[in-house]
Every structure is written in C-alpha cells, then in structure tokens.
Amino acid sequence: MKLKTIFAAFALVGVLCSCTPVTPDTPDDPIVTPEPGPDPTPDPDPDPEPTPDPLPDVVKILAIGNSFSADAVEQELYPLFAAAGQKVIIGDLYIGGCPLEKHAANAASDAASYSYRKIVDGTKTTTANVKMSTALADEDWTFISVQEGAGYHGFYNTTYKGVTHSMEPDLTNLIKVVQAKCPNAKLVYHAPWAAKADYTGTKFSYYGFDQKVMYDMICTATQDVLKAHPEFKLFMNSMDAVQNARSSYKGDNMTRDGWHMNTVGRYTVGCLWFEKIMGKSVVGNSYHPSTISETTALVCQTAAHEACEHPYTVADLSYFEKPADEDKDEAKEDVLAKWYFTPARAQSDGCVMTWTGQTALGVYRYSNEAGERGYYPANETGKGKISYVQVDKTAWPGDNAGLYILNVSNGGQPCMAGPMPGDYWQFETQYGTEIAEGTQLHIIYTYNPGSYGAKYWTLEYKDGTEFKPVPAFETKSKTITAATPVENITYNIEFTTDQKQVEFTVTLENPTVDFVVRQRCMSTYQVNDKWFDHPNVKCISRIAGDPANEAKPLPKMSQIL
C-alpha cells in the first residue's frame, strides 16, 4: 500500500463497521452470482431521473449514511451550491461504516444512535445521540438519500467468491419508514465508489482485491436497486464520477486511505451531487478547494458531468494535461495537525489559558485532581491538541503534594513537572471522519525530559476503541530496586537527559474515530538514575522545540501515510 504523509502532533483514523466475515472458497461454496463476476457492461436502464421539478428557494438534503455520505456531502457540497447562488441546508445522519441492516433496525426502534451533522449558512454543527425520527422531522427535506455500508454496496442480493450479502429486506424497511415520516421528500440512492487498487482492507477482499470487479459489481447492484425500488427519484452514481477522474492524470489518487475520499475525491463526488440536484452542468462552477489547481478542478467537474450524462460507464479523461507547476494536492491535504511553539504564539493562540489556566505567562496552577490538566490546541495546521492527564493525587499528604507546573512561558512549549506512574502526555488529532482499517499513521514530535525527567514510559496508540503498545518499540520488563517499594515495571521507551525525537508508524487493524497517541509514565525513576518521590518540582519535562533554532522551534507533527 502506497503511503501518504500527514503531519500532526497526533493522528488517528477509524471506521466502525459491522461486516459478514469472508468465507474462503471451497469446492462446496454455493455460487449464486456466476463467476468470475458481474457483467462488466451492465444494462444502463432504467434511468430513474426524469426532468427535475423546480427546486424550492432553500434546497434541503439529508443523507442517512456513514463515512461515505460524510465524504459526499459534508465538505465540498455546500460551497458548490453557494457559488451558484442556491441556498441549501445539508444534514447527515451518521454512524461510521453503518450498513443498511443497522439503519433499518435503528429506524424500527428509533434508537438514539446517530451523530447528526447539519450545515446551515456554511456552519456545521454536530449533535450526538440523535434519533432518526428527530432528524427526519427537523426540516421539510427536499431530498433524502440512503446507501449501503460496511463495504457491501456492490452486493444487492449476491454471492461472490464465497461472500454472500443482501440489502433486503433492510432497504425496503428503511424506505417505508422514511416515506411515512417524510412523504414529500424525493428519495435518493447513493452508490459509492470502488476502493483504490492497492487497498488492503478487509472490505476490499469481498471483491477479490480487484478494483474493476468492485466497480462492475457496484454498477450491477445499483441497477438492481433501482429496478426493485422505483421509489428512488434520483441516484448518485459516485462510483462513475470517481472512476472517471481516475482515468485522468490524477490516476488512482482519489482516496486518503485507499477507501475514503481525499479532497480531490470529495470535490469530485460533491460536483456529482450538485449537478444531479441542480439539474444543470457543474462544469464552470467557480468554487473549488484552495488546495487543488484550476485544471484539477476542471477534471473533477468533468468527471462528475460525464457520470451524470453516461452512468455505468467510464469516461476517458486522459486528454487532460497536468500543468508542469501544479502542486501535489495529496500531500497538502493529509496534514492532520501541526504545532508551532513560541511564547508570543502561545499567548496569541490562547495556549496560556488552555494549557495552564493562567491569566499571564509564568503563573502556575496546582492540582491533585485526576484528569486532563490542560491542553494546547494545534495552531499551525489541522485540528488537534496536546494534553497532559494525571492520576488522582488527592490522597497525598502535604500542601501541593501533587504539584504539577503547567507552563508555556519557556519557549512557548507545553511543560509540566513531577510525572508519576499512570500520568501521560496525549496527542490527539481529529480528521472529521473515521479512519479505515489498514490505514498507516505516522507521528513525529520532540520530547525533552530535562535533567530530572522520568526515564521509563510506554508509547501506545488507539486502534478501534483499544489502546495498544506501538509495535515499533519492544515491550520490556524491569525491576527497579532503587524505588521504595521496589518497582516491577513494563515499558517500551526510555529516555536520557537529552531531548529525543520520537517518530513511528502504525497500521490500524480496526476502524478508528480519532488518531490518539499516549506517552504514559511507568516509573518514578529519573533519567539521571535516581528515584524521585512526590512532590518533585525539579522533575520538569516538555514537548520541546529545537534548541539549535530558537527562532523557529521544530513544529510537532502527525501524519497519515
């Protein structure tokens, strides 16, 4: 799998899914769909899209979906409408990786299971634990879309290479609920895209890790859906728009992790949704993301337009010539979060308040209470924060017995004193949607333990909902006899008195919502080979810049590869 780089103090990617396990082929496997796969040139009929009705003054679009619906409607769609002077409200009822089976069950039970994202006047709000009925009643929706999830959007009622899946009766049941509650809304079926050719995630194995097979199966399944359900008045053939763009000089670089769209992919799919809803060509729309060139924007618009004009076929866009000076879009968009440390920056960005609770630089705050002592938000690029979390020290004797100095006055760097076992530095970055299994994530930061910092730590990262030790560092066991009582510890990284650049890559085994890395203290033993008791105000360490370049300390970075 080719890696793409994202810089941040911490990164995480995840996609929650509920998947039927892949059953290896055996001579006794029942084959419902003839091998080796679906007809590569499926019948383009029926076309469920008659001449569109006039649009209301405010178009209201609700997607019932998952991370694929988020890629389609949450980033690039609103500004396309705004550039055309069309008012729009966009909603997304979101559960990561959610299949139709779960949506139908949630509709029947009216479970408060959704993250409800809503874009009004260009501002997105997110509300947790929302019922489907609440979202359906929230607006007089013009369009409501549904889609399959968990990788099964190429299976309507199909068996392929030992994998069997049916969208029914869940699709029918979900449609009935939506129509009963929103009888005036036009139903839309969304058919997402095929994976990148070298993607290694489990869901791609359903298609034999073959992009063409997956694309053809999505085309066939979509036609089956539309034949079975004339209730759909519109369908979003995102698979065609993405495949069209892949035929251009952009190549197979439409995803950020092999499965989910990157900025170019999101813009392409957004262009498709815009043209389908507006009923007029998207080519020439004045909006495109600032990270892509005019030529790339035209490629995306053309790919979407061709998909609208010629569904279930791949248009050849190889005639587009890449400008010699075009920036590499994929490298720009993958930055999750980046920090830049100076005292002036710390103060102007509000890091003084968020990290220390101070009203002025150099004013310390003490606490023995468990939990996050403060956070330092990303100030250079992306969304994320560095935080320090401590264990409960309220039972310790003496005034300020659990003294922790949280200070950003020295170089503007996050700084604390007196780590004890169980305390940890945490780097967290938010990507805005789940990160799929198989995604490779990278982090780089500089840690300075000073002369009295703790020596033994464990580096761990969040995989799904579980924290795991970083595989790149060997987990070791040690008995420290200098401690009283003797400490028996496990750890996977140890520090000297010199600052150290910490850098590693992990591969997600499970879909993950945020990229989170922790550096957790394992012992009260210091880097100077002494044992400290509490409190020890000299035990100061920091997420540090580069002392050789004080004018521009090294930014902290995390990356998706």
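Computed from a prediction, not measured in an experiment: that's the story for all the values here. (Residues numbered from 1 in each chain as written. Predicted model: local features only at pLDDT ≥ 70, side-chain atom pairs only at ≥ 80, totals over all residues. Heavy atoms only, no water.)

A. Seen up close, the nonpolar core. Core analysis: the largest hydrophobic core is formed by 99 residues, its most contacted members being I61, I144, L171, Y189, F232, W273 and I277. Residues within four places of W273 in sequence aside, it is in contact with I61, A72, V73, L77, S145, H190, M236 and S238. Residues A346, W425, F427 and V470 belong to the second largest nonpolar core, which totals 39 residues. (Core = buried A, V, L, I, M, F, W, Y, C linked by side-chain atoms within 4.5 Å. Buried < 20%, exposed > 50% of the residue type's maximum accessible area, 1.4 Å probe, protein only. Contact = heavy atoms within 4.5 Å.)

B. Focus on the pairing of strand β4 (residues 123-131). Two elements, strand β3 (residues 112-120) and β4, share seven bridges in a ladder whose sense is antiparallel. Of the residues in β4, the one forming a bridge with A112 is K131. (Pairing = 2+ DSSP bridges. Helix = DSSP H or I, 4+ residues; strand = E, 2+ residues; numbered from the N terminus.)

C. Layout of the sheet that holds strand β9 (residues 232-237). Reading across the sheet, the seven strands line up as β4-β3-β2-β1-β5-β8-β9 and stay open at both edges, with mixed pairing between neighbours. Strands at the two margins of the open sheet, each flanked by one partner only, are β4 and β9. Along the sheet, successive strands turn relative to each other by an average axial angle of 20°, direction set aside. Pairing between strand β8 (residues 186-191) and β9: five bridges, direction parallel. Bridge pairing in β9 places A191 opposite N237. (Axes fitted to C-alpha atoms, helices over the stretch in contact; angles between N-to-C directions.)

D. Spatial organisation of the pattern of salt bridges. Summed over all chains, the structure comprises 16 salt bridges. The closest approach of N and O atoms between K60 and E139, which form a salt bridge, is 3.0 Å. Of this pair, K60 sits in strand β1 (residues 58-65) while E139 sits in the loop between α4 (132-138) and β5 (143-146), and the two are 79 residues apart along the sequence. As far as burial versus exposure is concerned, K60 and E139 are alike and both buried. K455 serves as the salt-bridge partner of D529, at 3.1 Å between the closest nitrogen and oxygen. One end of the pair, D529, is in the loop between β22 (515-521) and β23 (540-543); the other, K455, is in the loop between β15 (440-448) and β16 (456-463), and 74 residues separate them in sequence. (Salt bridge = Lys/Arg side-chain N within 4 Å of Asp/Glu carboxyl O.)

E. Summary view of the packing of aromatic side chains. Across all of its chains, the model carries 23 aromatic pairs by this definition. Each ring, one from Y199 and one from F204, has its centre 6.3 Å from the other, and the planes form 35°; the classification is tilted. Of the two residues, Y199 and F204, both sit in the buried class. Centre to centre, the rings of F427 and Y445 are 4.2 Å apart; their planes meet at 35°, and the pair counts as tilted. One end of the pair, F427, is in strand β14 (residues 424-430); the other, Y445, is in strand β15, and 18 residues separate them in sequence. On the accessibility criterion, F427 (0% relative accessible area) is buried. On the basis of relative accessibility, which here comes to 0%, the residue Y445 falls in the buried class. Through a chain of ring-to-ring contacts, the aromatic side chains of F68, W193, Y199, F204, F209 and W259 assemble into a single cluster. (Phe/Tyr/Trp six-rings, centres within 6.5 Å; stacked < 30°, edge-to-face > 60°.)

F. Unusual backbone geometry, seen in detail. A cis geometry characterises the amide bond from E168 onward to P169, with omega recorded as 5°. Take P169: it is sitting in the loop between β7 (163-166) and α5 (170-181). Despite not being glycine, D121 shows a phi value in the positive range, around 55°. Relative to the helices and strands, D121 is located in the loop between β3 and β4. Given a relative accessible area of 66%, D121 falls into the exposed group. Phi is positive for F209, close to 55°, though the residue is something other than glycine.

G. Layout of the state of the cysteines. By the definition in use, this model includes zero disulfides. Lacking any disulfide linkage, C271 is separated from the closest cysteine sulfur, that of C300, by 6.3 Å. This cysteine, C308, is not joined by any disulfide, and C271 carries the nearest cysteine sulfur, 9.6 Å off. (Disulfide = S-S within 2.5 Å.)

Keep in mind these numbers describe shape, not what the thing actually does.
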